[in-house]
Amino acid sequence: MIDGHKLIQSTLSTILPSQYELFLGPDITLPCISYNEQNNYTIIDSDDTGFSYLDYHIKVFARTVEDMQYYSNLVDLKLKEIGGKRLSSQEVVIEGHLEKWMVYRFIGKEYYR
């Protein structure tokens, strides 16, 4: 199984403080970004190599629409630079702050031997 967490975290951290979604607490400082792995599965397999889809759910947290849009656009540019393809996005309001949810897909190659 391919682990893309370090690359995702280091890329997102060039924009804003970024945390793994499962470790977010109720006292987050806005704006910030969270991420978690949504899917990680093999699409092509051989004896010694394989290709996998890695899907990451990214959230941008902000207080204003302008900040949400600005940082979401930066996330989009940075993740596309490392090979990501945006599959979906959604804007929501939760507990008085804005969130932009985006799912990105990456294709990874792994070597079995």
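Before reading further, recall that the structure is shown in the block above.
Residues numbered from 1 in each chain as written. Predicted model: local features only at pLDDT ≥ 70, side-chain atom pairs only at ≥ 80, totals over all residues. Heavy atoms only, no water.

Engineer: Honestly, the overall build of the protein chain in this entry has me stumped. Any pointers?
Structural biologist: Across its full length, the protein chain carries two helices and five strands. In the protein chain, the order of α-helices and β-strands from amino to carboxyl end is α-β-β-β-α-β-β. C-alpha extents for the protein chain along the principal axes are approximately 50 × 25 × 20 Å. Counting only residues that meet the buried cut, the protein chain has 41% of its 113 residues in that class. The long-range share in the protein chain, meaning contacts at least 24 apart out of those at least 6 apart in sequence, stands at 60%. Looking at the protein chain as shown, the accessible area adds up to about 6900 Å², and 50% of this sits on carbon and sulfur atoms. (Helix = DSSP H or I, 4+ residues; strand = E, 2+ residues; numbered from the N terminus. Buried < 20%, exposed > 50% of the residue type's maximum accessible area, 1.4 Å probe, protein only. Contact = heavy atoms within 4.5 Å. Areas by Shrake-Rupley, 256 points an atom, 1.4 Å probe, with all protein chains shown as cover.)

Engineer: Just to check I follow, could you spell out the sheet that holds strand 4 (residues 85-94) for this structure?
Structural biologist: Hydrogen bonds between backbone atoms are what pair the strands of a sheet, whose relative direction is either parallel or antiparallel. Reading across from one edge, 1-2-3-5-4 is the order of the five strands in this open sheet, with mixed pairing throughout. Edge strands, defined here as strands with exactly one partner in the open sheet, are strand 1 (18-20) and strand 4. Taking the axes of each pair of neighbouring strands and ignoring which way they run, one obtains an average angle of 30 degrees across the sheet. Examined bridge by bridge, strand 1 and strand 2 (residues 32-45) share three bridges and lie parallel to one another. Counterpart to Tyr20 in the pairing with strand 2 is Tyr35. Strand contacts of helix 1 (residues 5-12): strand 1, strand 2, strand 3 (49-62) and strand 5 (97-111), with the helix running at about 145 degrees to strand 2, the strand carrying the most contacts. Lying on the sheet, helix 2 (residues 65-81) is in contact with strand 2, strand 3, strand 4 and strand 5; it crosses strand 5 at an angle near 5 degrees. (Pairing = 2+ DSSP bridges. Axes fitted to C-alpha atoms, helices over the stretch in contact; angles between N-to-C directions.)

Engineer: Please explain the pattern of salt bridges as it appears in this structure.
Structural biologist: Pairing between side chains becomes possible if they bear opposite charge and their charged atoms approach one another. Counted under the stated rule, the structure contains five salt bridges. A salt bridge links Glu21 to Lys59; the nearest nitrogen and oxygen atoms lie 3.1 Å apart. With Glu21 in the loop between strand 1 and strand 2 and Lys59 in strand 3, this pair connects stretches of sequence that are 38 residues apart. Assessed through its relative accessible area of 12%, Lys59 is described here as buried. Close ionic contact of Arg86 with Asp76 constitutes a salt bridge, the shortest N to O distance being 2.5 Å. Remark: Asp76 occurs in helix 2 and Arg86 occurs in strand 4; sequence separation between them is ten residues. The exposure class assigned to Arg86 is partly exposed, which follows from its relative accessible area of 37%. (Salt bridge = Lys/Arg side-chain N within 4 Å of Asp/Glu carboxyl O.)

Engineer: What is the right way to look at helix 1 in this model?
Structural biologist: A turn of α-helix holds 3.6 residues, and therefore any two residues three or four places apart point the same way. Taken together, the buried positions of helix 1 are Ile8, Thr11 and Leu12. On an axial view of helix 1, the arc spanned by its buried residues comes to 95 degrees, and they lie on one face. Next to the buried residues of helix 1 lie strand 1, strand 2, strand 3, helix 2 and strand 5. (Arc of directions from axis to C-beta.)

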